[in-house]
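# Architecture at a glance
Given next are the chains, with one letter for each unit.
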Amino acid sequence: MKRRQFLTSFAAIGLASSLPVAKAAEVSGGQPFEPGKIVTPPAPPKTGGRQYLTAHEFATVGAIAERFIPADELSISGKQAGCATFIDRQLAGDYGNAVAIYRLGRFVKGTPEQGMQSPLTPAQRYRLGLAALDVATQQQFGKDFVQLDGEQQDRLLHAMEASQLDLGADVETKVFFELLLQNVREGFLSDPLYGGNKGMASWKMIGFPGARYDFRDLLSKKGQKLHIIPTSMIDNTL
């Protein structure tokens, strides 16, 4: 997928979301907190190596991120941006363990609009799906996914997207593909605090200012090219 298509499709997903309308409030009498200081910052993710994925699984996710978002003249690749690290940390936490999702059953396969209907957590889906992917590539090429060349990997990913690759009874191929694509997107565009978007590469590419406190110093520069250097939450938690 070309980078422009990648970003366009991601924006379309965001626009299609149903968001509640928030009521705006005016703050007067001084600022509620000091600029540059976060009152309740998110807890920094643990660092120091992999937290859930095995070395082989980590390499496979990195190879998939490389195919989803290849490096070009605009920015680094998904692998270089740390998407595998982002995914590994998410799978080790609440997201990977599906703490906010009902999983007590009974589970009946629903329509695509109803989303995943399964007792499996995202972490479990990754473990089963990556293993099944290697089984399929071994059957076709006698190699694991990470050992294939880029063209072969692309063909397999296209087959997964079209539900034309059999990953066995325990893995819904298209659902697993969409989970991989969603998580790589999130890792590429996330705050670097969470392990992805190394060097704020994607933010610099699209001109996103990041976690700035406010923009009052820029209000007088209407029509000017601003050259805003993005700011990560990690800058305020060191």
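Here, every reference points to the structure presented above.
Note that the structure is predicted; figures quoted are calculated from it, not measured.

## Here's the deal with the packing of helix H2 (residues 55-68) against helix H6 (residues 173-189)
The contact between H2 and H6 brings their axes to 10 Å, and the two run at 75°. By the angle class used here, H2 and H6 are roughly perpendicular. Residue-level contacts link Ile64, Ala65 and Phe68 of H2 to Phe177, Leu180, Leu181 and Val184 of H6. Within the contact of H2 with H6, the residues separate by chemical class into seven nonpolar, no polar and no charged.

## Some words on the packing of aromatic side chains
Counted according to the given criterion, the structure contains three aromatic pairs. Aromatic pair Tyr126 and Phe176: ring centres 5.9 Å apart, planes at 85°, arrangement edge-to-face. Here Tyr126, found in helix H4 (residues 122-141), pairs with Phe176, found in helix H6; they are 50 residues apart in sequence, far enough to count as distant. For the pair shown, Tyr126 and Phe176 are each scored as buried.

## Observations concerning the side chain of Asp191
For Asp191, the position within the fold is in the loop between H6 and helix H7 (201-206). No salt bridge forms around the buried Asp191; measuring N to O, its nearest opposite-charge neighbour Arg89 is 9.5 Å away. Side-chain polar atoms of Asp191 contact the side chain of Ser232, separated by 2.6 Å. Not counting chain neighbours up to four residues away, the residues in contact with Asp191 comprise Gly196, Trp203, Ala211, Ser232, Met233 and Ile234.

## Remarks on unusual backbone geometry
Within the chain, Ser163 stands out as a residue other than glycine whose phi angle is a positive 60°. Tracing the sequence through the fold places Ser163 in the loop between helix H5 (150-161) and H6. In the Ramachandran plot, Asn197 falls in the positive-phi region, its phi being about 50° despite a non-glycine side chain. The topology assignment puts Asn197 in the loop between H6 and H7.

## Remarks on the nonpolar core
Grouped burial of nonpolar side chains is what soluble globular proteins tend to show. Counting 37 residues, the largest nonpolar core has Phe68, Tyr126 and Met160 as its most contacted members. Only H2, helix H3 (83-91), H4, H5 and H6 provide two or more residues apiece to this core. A total of eight residues in this core trace back to one element, the largest contributor, which is H6. Filtering out sequence-adjacent residues up to four positions away, Met160 remains in contact with Leu133, Leu165, Leu167, Thr173, Lys174, Phe176, Phe177 and Leu180.

The rules we used
Residues numbered from 1 in each chain as written. Predicted model: local features only at pLDDT ≥ 70, side-chain atom pairs only at ≥ 80, totals over all residues. Heavy atoms only, no water. Axes fitted to C-alpha atoms, helices over the stretch in contact; angles between N-to-C directions. Helix = DSSP H or I, 4+ residues; strand = E, 2+ residues; numbered from the N terminus. Parallel < 35°, antiparallel > 145°, perpendicular 65-115°, else oblique. Contact = heavy atoms within 4.5 Å. Nonpolar A, V, L, I, M, F, W, Y, C, P; charged D, E, K, R; others polar. Phe/Tyr/Trp six-rings, centres within 6.5 Å; stacked < 30°, edge-to-face > 60°. Buried < 20%, exposed > 50% of the residue type's maximum accessible area, 1.4 Å probe, protein only. Lys, Arg positive; Asp, Glu negative; His and termini not counted. Salt bridge = Lys/Arg side-chain N within 4 Å of Asp/Glu carboxyl O. Polar contact = N/O pair within 3.5 Å; in protein donor to acceptor, adjacent residues only side chain to side chain. Core = buried A, V, L, I, M, F, W, Y, C linked by side-chain atoms within 4.5 Å.

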